[in-house]
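Descriptive analysis of the structure
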Amino acid sequence: MSESNRLITVFAEQVRTRFQPDRLESFWDCEPLFRKLADPGFVEAVLVAQLKALVADPNHVGDWPPKQIMLHRGAGFALSLAVFDTPRRYIHSTPFLGLYAPIGGRPLVVDRFRLPAGYDNAVFDPSLKLERDAGVTVAPSEVLRLQSQQFAYDFQIGEPQLVLKLTTAPFQMLEWLFSKETLHPWQANDADLSSTQLRVGAYLLGRLAHQSSLAPLQDLAGHANPNVRWAAIQSIGRLSRSEALKRLKVALDDPHPHIRRAAKKSLDRAEQAPRKR
């Protein structure tokens, strides 16, 4: 085992003793551990180990999402090394808590925005507006706390910046995108990729319109994510009018206001539409 892998293993074991995913605030107890790890020597050892693996086996495939090296995926947390090289078009809310440490000689420069009063992550509202809070400069020896329940962050990227990241799993349903000009939200995406995949799967089952798809769609209509629930109900409508009407009536009491409103509109349209003879 390389020295960098040994350090990662020890770090992950220590994080597990401090961080309880069902108690998010315990994540900040990991900051002293992260500060010890956030050293240029450690990052250099990680990169050397990755290069050696590629030299030894040109077909080696590591855990490399775009512009990142995943160093460890644990229960409710992940450690990674990322390159920040392009400014984002929008200001993104962060659906997870995070600790970010710039690696190298340059600081990490961030504009911080306070999330608006009345912000409910699960209910997209384009009328809300971010409030400018402060500019933050994080020196190479320092750590940025991503306090996602309170703030959104816009990283100011001049040159490529290497950043060591410790993050929780997403605990919020959506990632909101705010306009940099107006500070109003423009759209919201699923924070968890699995929710997007389920929505796409529900849509495809509806397009295929085979009766064998009805049972899995009925299951998805009870999913915790409202976007998945609604995608399933829409696809059920392609397979069975009676089942779709039943689901829409249930959705009138859905906990999510957007689902309730969409169900009411759909039922109103169904009542007005002429029946096929």
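To start, this report covers the structure provided alongside it. All values reported here derive from a predicted model rather than from experimental measurement.

**Topic: the nonpolar core**
Phe-11, Phe-34, Phe-42, Leu-71, Leu-79, Leu-164 and Leu-166 are the most contacted members of the largest nonpolar core, which has 27 residues in total. Looking at this core, the elements with two or more residues in it are helix H1 (3-18), helix H2 (31-37), helix H3 (40-56), strand S1 (68-74), strand S2 (77-84), strand S4 (98-103) and strand S9 (161-168). Of all the elements, H1 adds the most residues to this core, at four residues. In this view, Leu-164 contacts Phe-34, Leu-37, Ala-38, Phe-42, Leu-71, Leu-79, Ser-80, Leu-81, Leu-99, Tyr-100, Ala-101 and Ile-103; residues no more than four positions away in its chain are not counted.

**Observations concerning the environment of Arg-106**
Here Arg-106 shows up in the loop between S4 and strand S5 (108-114). The class of Arg-106 is partly exposed, set by a relative accessible area of 36%. Sequence-wise, Arg-106 and Ser-148 are 42 residues apart; in three dimensions their C-alpha atoms are separated by 24 Å. Beyond its immediate stretch of four places on either side in the chain, Arg-106 contacts Pro-140, Glu-159, Pro-160 and Gln-161.

**Regarding the packing of aromatic side chains**
Enumeration according to the criterion identifies 10 aromatic pairs in this entry. For the ring pair Phe-27 and Trp-28, a centre distance of 5.3 Å and an interplane angle of 65° mean the geometry is edge-to-face. Pair check on accessibility: Phe-27 and Trp-28 agree, each one buried. Where Phe-84 meets Phe-155, the ring centres are 5.2 Å apart and the plane angle is 65°; that geometry is what we call edge-to-face. Taken together, the residues span a long stretch of sequence, with Phe-84 in strand S2 and Phe-155 in strand S8 (residues 151-156) at a distance of 71 residues. The exposure class assigned to Phe-155 is buried, which follows from its relative accessible area of 17%. Cluster of aromatic residues (ring-pair linked, three or more members): Tyr-119, Phe-124, Trp-176 and Phe-178. In this arrangement the basic side chain of Arg-112 is found over the ring face of Phe-151, its NZ or CZ atom lying 4.6 Å from the centre.

Definitions and limits used
Residues numbered from 1 in each chain as written. Predicted model: local features only at pLDDT ≥ 70, side-chain atom pairs only at ≥ 80, totals over all residues. Heavy atoms only, no water. Core = buried A, V, L, I, M, F, W, Y, C linked by side-chain atoms within 4.5 Å. Buried < 20%, exposed > 50% of the residue type's maximum accessible area, 1.4 Å probe, protein only. Helix = DSSP H or I, 4+ residues; strand = E, 2+ residues; numbered from the N terminus. Contact = heavy atoms within 4.5 Å. Phe/Tyr/Trp six-rings, centres within 6.5 Å; stacked < 30°, edge-to-face > 60°. Lys NZ or Arg CZ within 6 Å of the ring centre and 35° of its normal.

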